[in-house]
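Overview (structure and organization)
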Amino acid sequence: DNFHHYFVHRGLLEATTARPDPIEGPIEDTADGFRFRIPLQVHNNAVLQDTLETDAGTLTVQRQVSWIAPLGLSLELEWPYGLRQRIVLHAVPTGSGTTRISRFYFRNDREEQVPAAAMLRFERGLIDQDRAILTAMAGALEPWPSGEHLIEADQPIALMRQRLRELLQPC
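Below is a summary of the structure that appears in this document. What you see is a predicted model, and the numbers here were worked out from it, not measured in a lab. (Residues numbered from 1 in each chain as written. Predicted model: local features only at pLDDT ≥ 70, side-chain atom pairs only at ≥ 80, totals over all residues. Heavy atoms only, no water.)

**Details of the overall build of the chain**
In terms of helices and strands, the chain carries three helices and six strands. Taking 171 residues into account, the globule formula puts the C-alpha radius of gyration at 16 Å, and the chain, at 17 Å, falls close to it. Each principal axis of the C-alpha atoms in the chain carries an extent, and together these give about 55 × 35 × 30 Å. Accessible surface computed for the chain: about 10600 Å², of which carbon and sulfur atoms make up 55%. Of the charged side chains in the chain, 17 are positive and 23 negative, and the gap between their average positions amounts to 3 Å. (Helix = DSSP H or I, 4+ residues; strand = E, 2+ residues; numbered from the N terminus. Rg over C-alpha atoms; globule rule 2.2 N^0.38 Å. Areas by Shrake-Rupley, 256 points an atom, 1.4 Å probe, with all protein chains shown as cover. Lys, Arg positive; Asp, Glu negative; His and termini not counted. Charge placed at Lys NZ, Arg CZ, Asp CG, Glu CD.)

What follows is the structure in structure tokens.
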């Protein structure tokens, strides 16, 4: 869910508006999935300031999200003042109802600009907030939920589900 920042990450990565902005431009097909761009304007709180080396009141991060079929994601973040970051995530089922998520982080700053400890504290906070939401959800969700009320901002979710259904079709 590319829009969970609007309700999950209070105190860490808070969006400045209550409603998600639409995707910028089209969703583009790639050899292994698709990608799209979407900005996110956030309040620059004390925790975020420690990881960005700026005290501006609000910041707009340009995000390029790439879905890597079937269970991968690459998130490229372009922050103001030249900071670039990439988060690569893969979810690997490890058993009936269990999944291991591996995340890799890449940034173009140096330790003397932003200490690794500050970055790890921020990212661990985000992961803990994500985990709290995920573990609070029902244990057995339908693989293809019905009765959802998707908005324009949910286009990538709908497309990912469609592509997953196609991948799982018998040959």
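**Re helix H3 (residues 155-168)**
Here H3 spans 20 Å end to end across 14 residues, near enough to the 20 Å set by a 1.5 Å rise per residue. Its buried side turned inward, H3 meets strand E1 (24-30), strand E2 (33-43) and strand E3 (58-68). (Expected span 1.5 Å × (residues − 1). Contact = heavy atoms within 4.5 Å.)

**Let's talk about the pattern of salt bridges**
A full pass over the atoms with the stated rule returns seven salt bridges. Its salt-bridge partner being Arg86, residue Glu76 comes within 2.6 Å of it at the nearest N-O pair. Separated by ten residues along the polypeptide, Glu76 in strand E4 (residues 72-78) and Arg86 in strand E5 (residues 84-95) bring together distant segments of the chain. Taking relative accessible area as the criterion, Arg86 reaches 34% and is therefore assigned partly exposed. Notably, a salt bridge pairs Asp128 with Arg131, separated by 3.0 Å at the nearest N-O pair. With Asp128 and Arg131 both in helix H2 (residues 116-136) and three residues apart, the pair spans about one turn of that helix. (Salt bridge = Lys/Arg side-chain N within 4 Å of Asp/Glu carboxyl O. Buried < 20%, exposed > 50% of the residue type's maximum accessible area, 1.4 Å probe, protein only.)

**So, the sheet that holds E5**
Spatial strand order, E1-E2-E3-E4-E5-E6: six strands in an open sheet with antiparallel pairing. The outermost strands of the open sheet, each flanked by one partner alone, are E1 and strand E6 (98-107). Recorded for the sheet is a direction-independent mean angle of 20 degrees between the axes of neighbouring strands. The pairing of E4 with E5 spans seven bridges and is classified as antiparallel. The partner of Glu76 across the bridge, within E5, is Arg86. Here H2 sits on the sheet in contact with E5 and E6, set at roughly 150 degrees to E6. Running over the sheet, H3 touches E1, E2 and E3 and is turned about 155 degrees from E2. (Pairing = 2+ DSSP bridges. Axes fitted to C-alpha atoms, helices over the stretch in contact; angles between N-to-C directions.)

**Things to note about the packing of aromatic side chains**
Within this structure, the stated rule accounts for two aromatic pairs. Seen in terms of ring centroids, Phe34 and Trp67 are 5.3 Å apart; in terms of plane orientation they differ by 40 degrees. Their pairing is tilted. One end of the pair, Phe34, is in strand E2; the other, Trp67, is in strand E3, with 33 residues separating them in the sequence. As far as burial versus exposure is concerned, Phe34 and Trp67 are alike and both buried. (Phe/Tyr/Trp six-rings, centres within 6.5 Å; stacked < 30°, edge-to-face > 60°.)

**Re unusual backbone geometry**
Cis geometry marks the peptide bond from Ala69 to Pro70, where omega comes out at 0 degrees. With respect to the helices and strands, Pro70 occurs in the loop between E3 and E4. A positive phi angle, close to 70 degrees, is found at Tyr81, a residue other than glycine. Position of Tyr81 relative to the elements: it lies in the loop between E4 and E5.

**What to know about the pairing of E1**
As paired elements, E1 and E2 share four bridges and run antiparallel to each other. Paired with Asp29 across the strands is Phe34, a residue of E2.

**Here we look at the side chain of Gln85**
Position of Gln85 relative to the elements: it lies in strand E5. Judged by its relative accessible area of 5%, Gln85 is buried. For Gln85, the residues in contact, after removing those within four places along its chain, are Leu75, Glu76, Leu77, Trp79, Tyr105, Phe106, Arg107, Met119 and Glu123.

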